[in-house]
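Inside the fold
What follows is each chain in one-letter form.
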Amino acid sequence: MLLVSGQILFKLGLESSGGLQWMKLMTSMYVWSGLVLYGAATVIWFAVLSRLPLSIAYPLQSIAYVLALIPAFFLFHETMSFSKLIGIALIIIGAYFIVK
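A short tour of the structure in this document, coming up. (Residues numbered from 1 in each chain as written. Predicted model: local features only at pLDDT ≥ 70, side-chain atom pairs only at ≥ 80, totals over all residues. Heavy atoms only, no water.)

This part takes up the packing of helix α1 (residues 2-17) against helix α3 (residues 29-51). It is the contact of α1 with α3, at a shortest axis distance of 8 Å, that shows an interaxial angle of 165 degrees. One element, α1, and the other, α3, form an angle in the roughly antiparallel class. Considering how the two elements wind past one another, α1 and α3 form a crossing that is left-handed. For the pair α1 and α3, contact is made by L2, L3, S5, G6, Q7, L9, F10, L12, G13 and S16 and by Y30, V31, S33, G34, L35, L37, Y38, A40, A41 and I44, respectively. Classifying every residue of the contact of α1 with α3 gives 13 nonpolar, seven polar and no charged. (Axes fitted to C-alpha atoms, helices over the stretch in contact; angles between N-to-C directions. Helix = DSSP H or I, 4+ residues; strand = E, 2+ residues; numbered from the N terminus. Parallel < 35°, antiparallel > 145°, perpendicular 65-115°, else oblique. Left-handed = near helix turned anticlockwise from the far one by under 90°. Contact = heavy atoms within 4.5 Å. Nonpolar A, V, L, I, M, F, W, Y, C, P; charged D, E, K, R; others polar.)

Our next topic: unusual backbone geometry. One non-glycine residue with positive phi stands out, namely H77, at about 55 degrees. Relative to the elements of secondary structure, H77 occurs in the loop between α5 (63-74) and α6 (82-99).

On to the environment of S5. Along the chain, S5 turns up in helix α1. Using a relative accessible area of 27% as the deciding quantity, one classes S5 as partly exposed. Remark: the alpha-carbon pair of S5 and S33, spanning 28 residues in sequence, is separated by 9.4 Å. (Buried < 20%, exposed > 50% of the residue type's maximum accessible area, 1.4 Å probe, protein only.)

Let us look at a nonpolar patch on the surface. Side chains of L14, L20, W22, M23 and M26 sit close together on the surface and give an oily, nonpolar patch of about 600 Å² of accessible area. Take the nonpolar patch: its biggest share by element is three residues, from helix α2 (residues 22-26). In this structure, M23 sits in helix α2. Residue classification places M23 among the exposed residues on the basis of a relative accessible area of 64%. (Patch = residues over 30% accessible without salt bridge, like charges linked within 9 Å, V, L, I, M, F, W, Y side chains within 5 Å. Areas by Shrake-Rupley, 256 points an atom, 1.4 Å probe, with all protein chains shown as cover. Salt bridge = Lys/Arg side-chain N within 4 Å of Asp/Glu carboxyl O.)

Below, the structure written as structure tokens:
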């Protein structure tokens, strides 16, 4: 959730600054907030890696792709095609089999 939230904030920062305008991005609260969330996610990731095998923990990060499509659709009005829905289903099924 932290990674997805960070990505949302990065996207909002880019949109509010008018794209890759580095000086504006460096002062964007959206971008800085996203970086804080990424930092927190990294600390939590260290805890996860200390408890789970990498072969289980890392593939479960793919759930972030699924979660990112929700705000992409509702906040940024991106399209949700049939192929994206199939991809979501495959990711969920794959994550299930990895932890099983």
